[in-house]
Every structure is written in structure tokens, then in C-alpha cells.
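# Notes for the structure review
Chain by chain, the residues:
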Amino acid sequence: MSSEYDMPEGILGISLAFEGIKDAATIMNGPTGCKSYPAWLSEHAYPCRDKECYTNVPFKYYRRFFFTQPRVPCTYMDSDDYIMGTREKLDEVFEDVTALKPNLIGLINSPGASLIGETLTLKAEKGVVVRIESPQPSIPLGIGFQDTMIKILETLSPKKQKKRKGVNLVGITIWDLGWEDTIDDLKDILNSCGIKVNTVIGAGCTVSELRSSGNAELNVIVHRDMGEKIAKWYERELYVPFVESKLGAPIGFDALEDWILQICGKLNVNPSKAMKRIREKRERVATVLLSLYTVHKPTVGHTFSVVAQGSVAYPVMSFLYDYLGLLPVAVNTGTDRSFDDEIKKFVKENELDVSDDVSETPAVVMIGDGVSVASAEYRGLVRGGFDTARRGRTIVCIEERPLLGLGGTMRLLDGVMNIVRRMD
């Protein structure tokens, strides 16, 4: 029987939309259990905010509503609140958060609070407030993120611009492992073509940047499942066109090249400098592959499994199969169906036998979130793994570790080839 990958759901995506904005804050109206993980994730994924309210000092937040966590305070609903309501607590926590002077506040009803009819009405409202009254918990992470980001944009009302220049990146979130390094990597390779990235919608941007985000001449989708609805909103409301690679997120040489060519073609820009950089990396990898063959450690024929969102699973699967000769034996994208057709077509055309039960299918390498990888390694199901998503294993990492782009591609190759190299 196939096991379904436990992908995070929509309620976390809602939180990510607010927490990915540099000068925003989030309030959860609900019990502490609904806020603990989103608060932990935000604190660890995005600790380097530049305002006083984001200082990561636990003792400073050892007080009501925050529970030592600097992010996502909550009303900690208990038995009496389910009868009397949380209006008084909500006003108090709102006052505490506004004192920190964020430029936008997100108010989220937890599923339980929504179920009993709690409303997010405030006695005295200050600043820009976006409410999520009735969140849908059992929807994919990407839908929760995108629907909330669109609501934020509708509240901020970015204006149509006549003079436009540069691009916005759409579909990156702080859920992505190494999201800041990924942004730097993608910016760097686009800059080599003379293309400037204005704003990354929902990952490290500011409220001011979102308000002016209609000044881009193009929106570039990075992850379809996290950005397509947002890009279509920009096209519909602000007449900003968008582009994406049909090969998925820019990881792997072919997907990265196609992503760049799509952007440069839309902007009528010469991609030769970026292509040259990719070609140089290809030559470097070819030398390493040759050395593996020399010592009888080829990658061909070794197996791998992938548990990730579709926009990552598809390019990783095709890249490792076409480029290294590895065989995919299990692929699961959880609740995300954005690349199902492409994955099924690839499996059929190459006559592969691929299961969706990654938790019970042995392989040499697993590519996925750290929890899945750690579990598989502990049970002896795989020989090693490569982390792609935020629930990563606790690894001290000083150097840049992008997931996507040219650096992400080389990191993936390093990880996979070293696991194969260690095989007996």
C-alpha cells in the first residue's frame, strides 16, 4: 500500500506568506499548539531581520502571548475561551505587537477558533492589517501561501506602472532550505545577462517593495506550485506578464538553461554569458565523473528516491536520470499535483518502474526534506540523503548552500556523487 508523503498543509502556507515579509508580524488566534511550529520555522528560517522586534533573545519574549518565541504570538485559547471568546486577549496581543512597529500585521484564526465562530474584530485597529478569518487547513502548502499573498497584495494595492524595468521572482518562500542563498544565486546568474531582480515576492521582501512591485516588466516563476496563482494575479490586475520553465524549478543544467532562455527570450536579452558559466560548470563536472569511472565508482545504475514538491521532484528526477544515469525507484509529491503530468510522461517514456511509496522503497540516495531523509537513513532504507526543504536536519552550515540555480545544481551533484563514492 502506498504511503502518502506528509507535506505541510495550507495553514503553514498562510503563516509563511506573512512571515516571509521582512517588516511584517503575525498573530495567531488559537491555542499554542497551532503557533509553535510556524513560530519555530520563522525564527530559524529567517532570523536576520533588521528591526528591534525581530531580535532572537528568548528571555526578552518570556512573557504572555510569545512563550519565549520572537515570532507568531498567539492568544493561547483554553477552555474558558471556547465559551467566552478571545476578544480581550486579541486586543491585548495586538497592542503588544503594534508596539513593535511592524508595517503590516497578519491576523490568522486557527482552524479551531474558526470552527466555533471566532472573529478577528479589534477594539482599536492601527496600521495595515490583513485578516484570515477562515483558513482551510487541508489544502496544499502552496495554495495557502498564494491565496494569502494575493490577499496581502490586494490590501497593499500596488499600482500599475508605465515605466517598467527588471523582474520579480515569484514562488520562493522561507520554507525552502537555503532560500536566501538561492535568491543570491539566481540574482547573480540573471545579473550576468544584465537582468536586475527588483523584488522576491514573499521571501525577504518589504511592504514598500510589495507596494512598488508593479514596476517590473516581467514576473519569473521559480516554483509553479508556490507562484503561478500570484503571477496570474499580477498579469490580470497590473498587466505584468510572467514566464516559467516547463522543466520545473531551475535545478539541474537543462532546467536552469531553459529557465534562463525563457526569461531572456521574453525580455529580448542575450543569454550567452549565463550559458558560458553553465558550460564551464558542465566541464568541471565531466572531469569529476571521468575520475569516478577511472576508480570504478560510476554513478550509472544506482537508485534514488525523491520526496518533494513537484517543481523540484520533476527536474531532479530527470536530471539525475539523464545526466548521471541514476534510476528513480520512488517519487512522491504529496498533495502537490502541479507536475503530475510531466512526471507520469517521463516515467512512461523511459519505461521506468517507479513507486510512490518513498517510505518503504529501498534506494541508494533519497532527495527530500530532512525528516524523511533522516527517517530513511535511520531505518537503513537509504545510504544517504540530500535535504531540499525546511524541515532539514540540524546541520551547521557556514558556506552558502542554495537549493536552486547554478550553485544548487553543483551542491546536488556533490551530495549525490559523494554518497555513491562511499558505496562498497
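All chains use their own residue numbering, which begins from 1 and follows the written sequence. Given that this is a predicted model, residues contribute local features only at a pLDDT of at least 70 and side-chain atom pairs are listed and counted only at 80 or more, while totals for whole chains, interfaces and linings are drawn from all residues. Excluded from the side-chain calculation are hydrogens and water; included are all heavy atoms of the structure.

### So, helix α11 (residues 272-294)
Which entries qualify depends on this criterion: Segments assigned H or I by DSSP are reported as helices when at least four residues long, segments assigned E as strands when at least two residues long, and all are numbered from the N terminus. Expected span of a helix: the number of residues minus one, times 1.5 Å. With a 1.4 Å probe rolled over the protein chains alone, any residue whose accessible area is under 20% of its type maximum counts as buried; one over 50% counts as exposed, and the rest are partly exposed. For this analysis, residues touch if any pair of their heavy atoms sits within 4.5 Å.
With 23 residues, α11 should reach 33 Å at 1.5 Å per residue; the first-to-last C-alpha distance of 33 Å fits that figure. Taken together, the buried positions of α11 are Ala274, Met275, Ile278, Val285, Leu289 and Leu292. Tucked into the core, α11 has its buried residues touching α7 (179-191), α10 (253-267), α12 (310-324) and α15 (405-421).

### Digging into the domain arrangement of the chain
Heads up, the rule is: Domains are outlined according to an automatic or database domain assignment. Joining two parts hides part of their accessible area as seen by a 1.4 Å probe, and the buried area is that hidden amount summed over both. What counts as a salt bridge is simple: a side-chain nitrogen of Lys or Arg found within 4 Å of a carboxyl oxygen of Asp or Glu.
Once the domains are mapped, the chain shows domain 1 (8-139), domain 2 (167-269) and domain 3 (273-421). The gap between the C-alpha centroids of domain 2 and domain 3 is 23 Å. Of the residues lining the interface, 33 residues belong to domain 2; the matching set on domain 3 comes to 40 residues. Carbon and sulfur atoms supply 63% of the area that domain 2 and domain 3 bury against each other, a total of about 3100 Å² over both sides. Contact with domain 3 buries area across many residues of domain 2, yet Leu177, Ile251 and Phe253 alone supply 28% of it, more than any other trio. Linking domain 2 with domain 3 are four salt bridges.

### Considerations on the sheet that holds strand β10 (residues 363-368)
So the rule is basically this: Two strands qualify as a pair provided DSSP detects at least 2 bridges between them. In this analysis, axes come from line fits to C-alpha atoms, helices being fitted only over the stretch in contact, and the angle between any two N-to-C directions falls in the range 0 to 180 degrees.
With parallel pairing, the four strands of this open sheet are ordered in space as β9-β8-β10-β11. Across the chains shown, the open sheet's two edge strands, defined by having one partner strand only, are β9 (327-332) and β11 (382-387). Strand-to-strand twist of the sheet, defined as the mean angle between neighbouring strand axes without regard to direction, takes the value 20°. Inspection of the sheet shows strand β8 (residues 303-307) paired to β10 by four bridges, in the parallel sense. Bridge pairing in β10 links Val306 to Ile367. Where helix α14 (residues 370-378) meets the sheet, it contacts β8, β10 and β11, and its direction lies at approximately 170° from that of β11.

### Remarks on the pairing of strand β2 (residues 104-109)
On a regular strand, one side chain projects to one face of the sheet and the next to the other, so that they alternate. Among the six residues of β2, six are classified as buried, and the element is accordingly described as predominantly covered. Burial of the side chains of β2 extends over both faces: Leu104, Gly106 and Ile108 are buried on one face and Ile105, Leu107 and Asn109 on the other. Bridging between strand β1 (residues 24-29) and β2 involves six bridges; their strand directions are parallel. If you follow Ile27 over to β2, its bridge partner there is Leu107.

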